[in-house]
Amino acid sequence: MNIGKINTLKVIKTVDFGVYLDRGDGIEILLPTRYVPEACRVDDEVDVFIYHDNENRLIATTIKPLAIVGDFQWMIVKEITQVGAFLEWGIMKDLLVPFREQKIQMIKGHGYIVYVYLDHVTDRIVASARIDKFLDNVPPHYEHNEEVDLLVVEETKMGYKVIINNLHWGLLYHNEVFRMLDKGEHLKGYIKEIREDDKIDVSLQKLGYEKVDGVARRILDALNHNGGFLPLHDKSDASEIQALLACSKKNYKKAIGSLYKQKLIALEDNGIRIHKSVLP
């Protein structure tokens with residue numbers, strides 16, 4: 001059993017106030033009635049999150065928190081106390097960020113990117129806003145164009161700093177991002193380059209986009225964010241094209257021709273549709 005993570009445990013006893021789960025060493029953990037799946041019986045297996053309640057007892061819940069141990073996440077401060085800041089965690093208990101783990105003094109109601117970990121001294125789940133010490137601790141081993149999970153941390157002059165797969169820092173360049181990204185936003189991305197200093201450049205575009213530039217890339221990005229279809233065609237008003245893609249009708253038609261020749265899109269009577277093989 002792993003505290004702070006999702007575990008699959010067997011039901012060994014039912015009681016009026018819930019069921020008890022076997023954590024594997026003869027010790028029972030309570031899953032309160034409000035979280036017990038319908039028709040749950042002895043010997044059934046249940047996926048649960050394990051944590052300490054406010055009385056320091058191990059307890060289970062079928063509700064998945066906003067972040068588990070090993071995750072980075074953007075979370076909002078619910079309360080400031082004498083021991084630190086407590087974050088909204090998505091479960092009955094709030095998550096503590098001790099003062100020593102605050103990069104700057106946290107403010108109630110503000111959101112911060114934190115890392116969730118198990119404090120092996122107290123055996124409690126806590127969070128840290130000093131996220132640098134939890135990143136880039138292992139060499140990056142990614143393939144070119146490998147799909148990865150991204151978490152947006154902050155905007156810089158060059159682009160957006162992101163966390164890759166909960167392991168490494170990465171950078172999305174401004175000229176390759178065609179909309180505003182929010183701090184804490186989760187995205188799918190692709191490894192663009194690992195530089196000699198192990199710095200990692202990432203892209204929001206999938207394999208096959210490398211030869212697509214300018215307006216054509218903007219069109220593909222818009223298609224991806226609109227379910228693969230845009231209601232634009234040869235007879236669309238120039239103002240409509242400008243509003244959706246920030247380009248002229250002439251440049252739009254040239255880009256559409258290029259994308260069609262590359263077999264990245266299909267032309268339909270009422271618009272354009274991206275080929276499924278191109279969708280992330």
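Figured I'd write up the structure that's included with this text. (Residues numbered from 1 in each chain as written. Predicted model: local features only at pLDDT ≥ 70, side-chain atom pairs only at ≥ 80, totals over all residues. Heavy atoms only, no water.)

Assigned secondary structure in the chain consists of three helices and 18 strands. Along the three orthogonal principal directions, the C-alpha set of the chain runs to about 70 × 45 × 35 Å. Sorting the 280 residues of the chain into buried and exposed places 45% on the buried side. For the chain, the accessible area works out to roughly 15800 Å², and carbon and sulfur atoms hold 50% of it. Here the chain contributes 37 positive and 42 negative side-chain charges, whose respective centroids are spaced 6 Å apart. (Helix = DSSP H or I, 4+ residues; strand = E, 2+ residues; numbered from the N terminus. Buried < 20%, exposed > 50% of the residue type's maximum accessible area, 1.4 Å probe, protein only. Areas by Shrake-Rupley, 256 points an atom, 1.4 Å probe, with all protein chains shown as cover. Lys, Arg positive; Asp, Glu negative; His and termini not counted. Charge placed at Lys NZ, Arg CZ, Asp CG, Glu CD.)

Moving on to the layout of surface pockets. Over the atoms rolls a probe the size of a water molecule, and in doing so it shows where empty space is left. Its volume calculated, the largest pocket comes out at about 330 Å³. Forming the boundary of the largest pocket are 14 residues, of which Lys103, Ile113, Ala129, Val153 and Lys183 lie nearest the centre. Its residues assigned to classes, the lining of the largest pocket shows eight nonpolar, one polar and five charged. Considered as a void within the structure, the second largest pocket measures approximately 240 Å³ in volume. Forming the walls of the second largest pocket are 13 residues, and the residues nearest its centre are Lys161, Trp169, Gly170, Leu171 and Lys199. If you list the elements that add at least two residues to the lining of the second largest pocket, you get strand S13 (168-173) and strand S15 (200-203). Of all the elements, S13 adds the most residues to the lining of the second largest pocket, at three residues. The residue inventory of the lining of the second largest pocket, partitioned by class, reads four nonpolar, two polar and seven charged. (1 Å grid on protein atoms, 1.4 Å probe; cavity = no way out; pocket = protein on both sides within 12 Å on 5 of 7 lines; lining within 4 Å. Points joined across faces, edges and corners; volume = space filled by probe spheres on them. Nonpolar A, V, L, I, M, F, W, Y, C, P; charged D, E, K, R; others polar.)

We now examine the pattern of salt bridges. In this structure the tally under the stated criterion is 12 salt bridges. Arg57 is the salt-bridge partner of Asp53, the closest N and O atoms lying 2.9 Å from each other. On the basis of relative accessible area, Asp53 is assigned to the buried category, the value being 11%. By sharing partners, the salt bridges in this structure join Asp53, Glu55 and Arg57 into a single network. (Salt bridge = Lys/Arg side-chain N within 4 Å of Asp/Glu carboxyl O.)

A separate point is the environment of Lys157. Summarising the element assignment, Lys157 is placed in the loop between strand S11 (147-155) and strand S12 (159-164). Here Lys157 falls in the exposed class, since its relative accessible area comes to 85%.

Next up on the list: the sheet that holds strand S16 (residues 229-230). In spatial order, the strands read S16-S18-S17; together these three strands make up an open sheet with antiparallel pairing. The open sheet has two edge strands with one neighbour each: S16 and strand S17 (265-268). Judged from the four bridges that link them, S17 and strand S18 (residues 271-274) form a sheet pairing that is antiparallel. Across the sheet, residue Ile265 finds its bridge partner in S18, namely Ile274. Packing of helix H3 (residues 249-261) onto the sheet brings it into contact with S17 and S18, and relative to S17 it is tilted by some 120 degrees. (Pairing = 2+ DSSP bridges. Contact = heavy atoms within 4.5 Å. Axes fitted to C-alpha atoms, helices over the stretch in contact; angles between N-to-C directions.)

With that out of the way, let us pick up empty space enclosed by the protein. A full pass over the atoms with the stated rule returns one cavity of 30 Å³ or more. There is about 40 Å³ of room inside the largest cavity. Taken together, Tyr51, His52, Trp89, Lys93, Arg124 and Ile125 make up the lining of the largest cavity. Of all elements in the fold, only strand S4 (45-52) and strand S10 (124-128) reach the threshold of two or more residues within the lining of the largest cavity. Tallied by class, the residues present in the lining of the largest cavity amount to three nonpolar, one polar and two charged.

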